[in-house]
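Single-letter residue listing:
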Amino acid sequence: MNDVKNMHKNSMLNMTYFRDKYMDKNKRLAIADIGSFDVNGSFRDLMTNPLWTYNGIDIREGKNVDIVLEDGDKWSELKDESYDIIISGNTFEHIKHPWIVIKEIRRILRCGGFVCIIAPNICPLHRVTLDCWRYLPDGMQVLADIAGLDVIEIIADDKKPDCIVADTILIAKKSKRDFPYYLKHNEQDVGIAQLESEINNFGKIISKIKAKTILEIGTFRGGTLLFLSKIADRNATIISIDLPEKQNDDSLKLLESFGKEKNQDIHIILQDCHFPNTLQQVKNILKSRKLDVLFIDENHSYCSTKQSFVTYKHLVRKGGIIGLHDIVPIPTSPIHQVHILWNEIKQKYKYEEIIENKNQYGFGIGVVYL
Ligand SMILES: C[S@@+](CC[C@H](N)C(=O)[O-])C[C@H]1O[C@@H](n2cnc3c(N)ncnc32)[C@H](O)[C@@H]1O
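Definitions and cut-offs
Residues numbered from 1 in each chain as written. Predicted model: local features only at pLDDT ≥ 70, side-chain atom pairs only at ≥ 80, totals over all residues. Near = placed C-beta within 6 Å. Helix = DSSP H or I, 4+ residues; strand = E, 2+ residues; numbered from the N terminus. Nonpolar A, V, L, I, M, F, W, Y, C, P; charged D, E, K, R; others polar. Expected span 1.5 Å × (residues − 1). Buried ≥ 20, exposed ≤ 12 C-beta atoms within 10 Å, placed from the backbone. Arc of directions from axis to C-beta. Contact = placed C-beta atoms within 7 Å. Axes fitted to C-alpha atoms, helices over the stretch in contact; angles between N-to-C directions. Parallel < 35°, antiparallel > 145°, perpendicular 65-115°, else oblique. Left-handed = near helix turned anticlockwise from the far one by under 90°. Pairing = 2+ DSSP bridges. Domains from an automatic or database assignment. Core = buried A, V, L, I, M, F, W, Y, C linked by C-beta atoms within 7 Å.

**Q** Quick one: what's the story with the site of the ligand, residue by residue and with numbers?
**A** Near the ligand there are 21 residues, and of these Ala193, Gly218, Phe220, Gly223 and Cys273 occur at the shortest range. For the shell around the ligand, the secondary-structure elements that each account for two or more residues are helix H5 (223–231) and strand S11 (237–242). Taken together, the residues that form the shell around the ligand break down as 7 nonpolar, 8 polar and 6 charged.

Laid out in structure tokens, this is it:
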């Protein structure tokens, strides 16, 4: 137990360093402490500024825990972009799937917010209830890369003679400009999760076939939907599907305001694209028409993307196209699997690849010609 106490003393010093350098004393800050269960102390007392709100978050109920997560990999209790600061000390070594958790951290962090993760690089085995990992500086960089967080500092503590533990500290930031680029709509910037040159080249193909009926799977902030609306025909019908939890009243109002000047018919379906009823809703909107364009940009797993491809390709007319986003792998992110499906599709269909730079991580649009 003494070892763990020592470990915490170092953590306190490192977290104090982070607090004093990166947390604005004069601003309201919502702070999430991941793995806050008080084993041998907590960071709560370091975060006592009256403008700051501290939430202790853990998968176990107990001392210093305000929010208990039911699923360690999917934090449905925590909303997107709800914290300014996310801290975590001596927890990441116990987390089963840190490559998933780092993405949840990114999701709940506001743009411009900071993350500080302290985890041991040397430490004796200490199961609570698991002890899975030790973190070296390069590993911390990989974690940040997986989630698209900008690294500010990575510090590896030297092991002190009186202590059998040494920590690595990752300090990273979620960039304010979260998307590769933005499109203007009624004075508002709408983020688009595509590389500009790639989506423009895809747009050229869409314009060539004079698309009038388009389906996008994966709306997110609506960037691609807005792009499609800008390049599609007057009177086009454009349908976009996303999970209900991804949108709120304000974002829905924005999405529904696209295409008005062109008299386009825009439909947002807030339902899992794999539900049979979602397919039926798309068919009801299309009536007897077929799709000119199907664009699949959903959760990037092999199974889900394949299911979307297989289910919705029947709605696309002969001479129409199917676009698959993220055909370029991200070597550090095993959950990005579209490239595996894309390699299968390439064997069976006439295709084209739109990739800005062959050394890039992720992005890339695969175009299937039917
Ligand atoms: C990468 S984003 C889409 C980005 C958007 N096309 C753009 O370029 O601006 C992926 C979106 O797919 C949605 N998604 C994931 N799985 C889904 C599913 N089964 N059904 C519908 N939407 C899904 C997510 O909620 C997320 O908003």
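**Q** Provide a residue-level description of helix H4 (residues 196–208), including the pertinent values.
**A** Taking 1.5 Å of rise per residue, 13 residues should cover 18 Å, and H4 covers 18 Å from first to last C-alpha, within 8% of that figure. Within H4, the full set of buried residues consists of Glu198, Ile199, Phe202 and Ile206. Taken end-on, H4 shows its buried residues confined to a sector of 90°, consistent with a single buried face. Pointing more than 90 degrees away from the buried face of H4 are the exposed residues Lys204, Ser207 and Lys208. Where H4 is buried, its residues meet strand S9 (188–192), H5, strand S13 (291–296), strand S14 (316–325), strand S15 (350–354) and strand S16 (365–369). One or two positions beyond H4, positive phi appears at Lys210, with a value near 50°.

**Q** Outline the packing of H4 against H5, listing residues and values.
**A** The geometry of H4 relative to H5 is characterised by a closest axis approach of 10 Å and an angle of 40° between their N-to-C directions. The angle between H4 and H5 places the two elements in the oblique class. Taken as a pair, H4 and H5 cross one another with a handedness that is right-handed. Residues Ile199, Gly203, Ile206 and Ser207 of H4 form the contact with H5, whose own contacting residues are Thr224, Phe227 and Ile231.

**Q** Please provide a residue-by-residue account of the pairing of strand S4 (residues 83–89), values included.
**A** Counting buried positions over the 7 residues of S4 gives 7, a clear majority of the element. The pairing of strand S1 (residues 29–34) with S4 spans 3 bridges and is classified as parallel. Within S4, the position partnered with Ile31 by the bridge is Ile85. Looking at chain direction, S4 and strand S5 (residues 109–122) are connected through 6 bridges and run parallel. Bridge pairing in S5 links Gly89 to Ile118.

**Q** Could you give an account of the packing of helix H8 (residues 302–312) against helix H9 (residues 338–348), naming the residues involved and the relevant values?
**A** In the contact formed by H8 and H9, the axes pass within 8 Å of each other and the chain directions differ by 45°. Judged by the inter-axis angle, H8 sits oblique to H9. The handedness of the crossing between H8 and H9 is right-handed. Two secondary-structure elements touch here, H8 through Tyr302, Thr305, Lys306 and Phe309 and H9 through Val338, Ile340 and Leu341. Its residues placed into classes, the contact of H8 with H9 shows 5 nonpolar, 1 polar and 1 charged.

**Q** Tell me about the domain arrangement of the protein chain, and please be specific about residues and values.
**A** Taken domain by domain, the protein chain comprises domain 1 (2–173) and domain 2 (181–369). The centre of domain 1, based on its C-alpha atoms, is set 36 Å off from the matching centre of domain 2.

**Q** Help me get a handle on the nonpolar core, residues and values and all.
**A** Ile214, Leu215, Ile238, Val293, Leu294, Ile296 and Leu324 are the most contacted members of the largest nonpolar core, which totals 46 residues. Top element by residues in this core is S13. It accounts for 5 residues. Not counting chain neighbours up to four residues away, the residues in contact with Ile296 comprise Ile217, Thr305, Ser308, Phe309, Ile322, Gly323, Leu324 and His325. With 39 residues, the next largest nonpolar core counts Leu29, Val101, Tyr135 and Leu143 among its residues.

**Q** Explain helix H3 (residues 137–147) residue by residue, including any values.
**A** Burial in H3 covers these residues: Met140, Leu143, Ala144, Ile146 and Ala147. Along the axis of H3, the buried residues cluster in a sector spanning 160°; they form a single face. Contacts from the buried residues of H3 go to helix H2 (98–108), strand S6 (150–156) and strand S7 (166–173). Immediately beyond the C-terminal end of H3, within one or two residues, lies Gly148, with a positive phi of roughly 70°.

**Q** How would you summarise the environment of Leu136 if you had to cite specific residues and measurements?
**A** Here Leu136 lies in the loop between S5 and H3. The exposure class of Leu136 is partly exposed, given the 13 C-beta atoms found within 10 Å. On a C-alpha basis, the gap between Leu136 and Leu170 in space is 10.0 Å, while along the polypeptide they are 34 residues apart. With residues near it in sequence (within four places) discarded, Leu136 still touches Asn121 and Thr168.

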